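Summary of structural features
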Amino acid sequence: MLRHTMNRVLGPGLRSPAAPVLRMYHERVVDHYDNPRNVGAFDKNDPDVGTGLVGAPACGDVMKLQIKVDEKSGKIVDARFKTFGCGSAIASSSVATEWVKGKQMEEVLSIKNTEIAKHLSLPPVKLHCSMLAEDAIKAAVKDYEAKRSKLNASQDAAPVEKAADA
């Protein structure tokens, strides 16, 4: 009622400094929030899957990003995410999964949060969302590489054990 009266007296363009400011998300954020790409999960025990789980305690956002890698070519063939958080966090996750698909492992490590933030036109207060996406990508790659090295080490040790048994 007060706002209506103030608008009539002062005009719609003149607002009180205490009046709330309308903030709007960029259309790309809204699109990725309304129609998120690649939502879901892979089996975390699959040796071809790397899982990155990151969170921001300050705001409560939690992001799980998974990549599926073709062992022979080293290319990421698919990606999935699950995010608990604001629209900017969900949009950042969605964009990240789109950007990593079809790329080599080394290439995705060069994806920076600033690129994601710029693509989504995130305001400074939401930059932590794009930082989470970058961290999730790096964590997924690290997890995949750790699984691969562990698997390769166990395969290298298997012939030695068989020789010892003979």
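Data block above holds the structure.
Because the structure is a prediction, the values reported are computed rather than measured.

Scoring rules and cut-offs
- Residue positions within a chain follow its written sequence, with the count starting from 1.
- For a predicted model such as this one, the threshold for reporting local features is a pLDDT of at least 70, and the threshold for listing and counting side-chain atom pairs is 80 or more; totals across whole chains, interfaces and linings nevertheless cover every residue.
- The side-chain quantities take in all heavy atoms of the structure and omit both hydrogens and water.
- To sort residues, take the accessible area from a 1.4 Å probe on protein chains only and compare it with the maximum for the residue type: under 20% means buried, over 50% means exposed, and anything in between is partly exposed.
- Helix numbers and strand numbers start at the N terminus; a helix is a DSSP run of H or I with at least 4 residues, a strand a run of E with at least 2.
- The arc under discussion is defined with respect to the helix axis, by the directions toward the C-beta atoms.
- Any residue with relative accessible area above 30% and no salt bridge may belong to a patch, with like charges joined within 9 Å and the nonpolar Val, Leu, Ile, Met, Phe, Trp and Tyr side chains within 5 Å.
- Per-residue and other accessible areas follow the Shrake-Rupley method at a 1.4 Å probe size, with only the shown protein chains counted as cover for residues.
- Any carboxyl oxygen of Asp or Glu within 4 Å of a side-chain nitrogen of Lys or Arg constitutes a salt bridge here.
- Paired strands, in this sense, are two strands between which DSSP finds at least two bridges.
- In this description, a line fitted to the C-alpha atoms serves as the axis of each element, helices being fitted only across the stretch in contact, and the angle between N-to-C directions of two axes falls anywhere from 0 to 180 degrees.
- Should any heavy atoms of two residues lie within 4.5 Å, those residues are considered in contact.

In this section: helix α5 (residues 113-120). Asn 113, Ile 116, Ala 117 and Leu 120 are the residues of α5 that are buried. With its buried residues spanning 100 degrees around the axis, α5 presents them on a single face. In this structure, α5 carries Thr 114 and Lys 118 as exposed residues pointing more than 90 degrees from its buried face. Immediately beyond the C-terminal end of α5, within one or two residues, lies Ser 121, with a positive phi of roughly 55 degrees.

A surface patch of nonpolar side chains, about 340 Å² in accessible area, is lined by Leu 53, Val 62 and Phe 84. Inspection of the secondary structure assignment puts Phe 84 in strand β3 (residues 76-84). Take Phe 84: its relative accessible area is 63%, and that puts it in the exposed class.

Let's shift gears to unusual backbone geometry. At Asn 38, a residue that is not glycine, the phi angle is positive and equals roughly 65 degrees. Secondary-structure assignment places Asn 38 in the loop between α2 (27-34) and β1 (49-56). A positive phi is found at Ser 121, a non-glycine position, where the angle reads about 55 degrees. By the element assignment, Ser 121 lies in the loop between α5 and α6 (127-165).

Another aspect to go through is the sheet that holds strand β2 (residues 61-69). Ordered in space as β1-β2-β3, the three strands form an open sheet in which the pairing is antiparallel. Unpaired on one side and paired on the other, β1 and β3 mark the two borders of the sheet. The sheet shows a mean angle of 15 degrees between the axes of neighbouring strands, direction not considered. Taken together, the eight bridges between β2 and β3 define a ladder with antiparallel strand orientation. Bridge pairing links Met 63 to Thr 83 in β3. Each of β2 and β3 touches helix α3 (residues 87-100); the most contacted strand, β3, lies at about 175 degrees to it.

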